[in-house]
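Listed below are the residues making up each chain.
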Amino acid sequence: MERNFIIAGFGGQGVLLAGEVLANAFMHADKHVTWYPSYGAEMRGGTVNCEIVMSDDEVSEVNKADADFVVALNQASFDKFLPKIKNGGCMIANSTLVKEEKTRSDIKYVFVPITKSADELGNVKMANILALGVLAKTSGLLNLAIIEKALDSVLPSHRKNLLPLNMKALKIGYEYDLFAFNA
């Protein structure tokens, strides 16, 4: 089984960190994985995305033509990557910054107020990890313990003080009632 993920937003939203954590979580789950970052010259505030390909066998290629799951943290990313989701795939969108429009009937949409939820947690910079919790729950491919292990291994030592808050954000995303808001 091979699955392709895209996480996208603007610089400063922690897109690349979220992708690195996801890739490491799949490695901790004994999967083959690639992580392919892409960002504009603007850096903070510019567009940023990364692609993660996970497979039980060798990863066939990077930069796939389509994706199984897209996490869009802003409207520009939603608009850009919506056409790239394969039939039967899933768009996870940050409804704090993305209009809740369902223009395709062949995919699943999951709208969650990710930025608002992170802000209510006390740190809007936790939106990326909260989004990973939503992705883990929606995909059913990872459990919290594996992502927590990956988060601990990816966070640099000078950011370890944020680990408890990251773990809380991850859990909030994972436990978010997706059915109440996406019927």
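See the structure shown above.
Owing to the predicted nature of the structure, the values given are computational and were not obtained by experimental measurement.

Caption draft 1: Inspection of the layout of surface pockets at higher detail. In this structure, the largest pocket occupies an estimated 650 Å³ of space. Around the largest pocket sit 25 residues that line it, and G12, Q13, G14, L17 and N128 are the ones nearest its centre. Elements with a minimum of two residues in the lining of the largest pocket: α1 (15-28) and α4 (127-139). Here the lining of the largest pocket gets four residues from one element, more than from any other, and that element is α1. Of the residues belonging to the lining of the largest pocket, the class tally is 13 nonpolar, eight polar and four charged.

Caption draft 2: Quick peek at the sheet that holds strand β4 (residues 67-72). Reading across from one edge, β2-β3-β1-β4-β5-β6 is the order of the six strands in this open sheet, with mixed pairing throughout. Two strands lie at the open edges of the sheet, namely β2 (32-39) and β6 (108-112), each paired on one side alone. Ignoring strand direction, the axes of neighbouring strands in this sheet form an average angle of 15 degrees. Two elements, β4 and strand β5 (residues 85-94), share five bridges in a ladder whose sense is parallel. Bridge assignment links A67 to a residue of β5, and that residue is I85. Along the sheet, α1 contacts β1 (2-10), β2 and β3 (47-55); its crossing angle with β3, the most-contacted strand, is approximately 5 degrees.

Caption draft 3: Fine view of the pairing of β1. Taken together, the nine bridges between β1 and β3 define a ladder with antiparallel strand orientation. Looking at β3, one finds that F5 is bridged to I52. Pairing of β1 with β4, which is carried by four bridges, proceeds in the parallel orientation. Its bridge partner being in β4, I6 is matched across the sheet by V70.

Caption draft 4: Structural detail: unusual backbone geometry. The phi dihedral of D30 is positive, around 60 degrees, even though this residue is not glycine. Mapped onto the fold, D30 is located in the loop between α1 and β2.

Caption draft 5: Broad picture of the side chain of R104. Looking at where R104 falls in the secondary structure, it is placed in the loop between β5 and β6. There is a polar contact of 2.6 Å between the side chain of R104 and the backbone oxygen of L82. From its side chain, R104 meets the backbone oxygen of I85 in a polar contact 2.8 Å long. Apart from the residues lying within four places of it in its own chain, the contact partners of R104 are L82, P83, I85, K86, N87 and Y109.

Caption draft 6: Quick look at the packing of aromatic side chains. All told, the structure shown has four aromatic pairs when counted by the stated rule. Ring centres of F5 and F26 lie 5.4 Å apart, and the angle between their planes is 35 degrees; on these two criteria the pair is classed as tilted. Here F5 is found in strand β1, whereas its partner F26 is found in helix α1, with 21 residues between them in sequence. Between Y109 and F111, the ring centres sit 5.8 Å apart and the planes meet at 5 degrees, which makes this aromatic pair stacked. By relative accessible area, which is 6% here, Y109 ends up buried. Among the aromatic side chains, those forming a connected cluster through ring pairs are F5, F26 and F69.

Here is what the cut-offs are and how they apply
Residues numbered from 1 in each chain as written. Predicted model: local features only at pLDDT ≥ 70, side-chain atom pairs only at ≥ 80, totals over all residues. Heavy atoms only, no water. 1 Å grid on protein atoms, 1.4 Å probe; cavity = no way out; pocket = protein on both sides within 12 Å on 5 of 7 lines; lining within 4 Å. Points joined across faces, edges and corners; volume = space filled by probe spheres on them. Helix = DSSP H or I, 4+ residues; strand = E, 2+ residues; numbered from the N terminus. Nonpolar A, V, L, I, M, F, W, Y, C, P; charged D, E, K, R; others polar. Pairing = 2+ DSSP bridges. Axes fitted to C-alpha atoms, helices over the stretch in contact; angles between N-to-C directions. Contact = heavy atoms within 4.5 Å. Polar contact = N/O pair within 3.5 Å; in protein donor to acceptor, adjacent residues only side chain to side chain. Phe/Tyr/Trp six-rings, centres within 6.5 Å; stacked < 30°, edge-to-face > 60°. Buried < 20%, exposed > 50% of the residue type's maximum accessible area, 1.4 Å probe, protein only.

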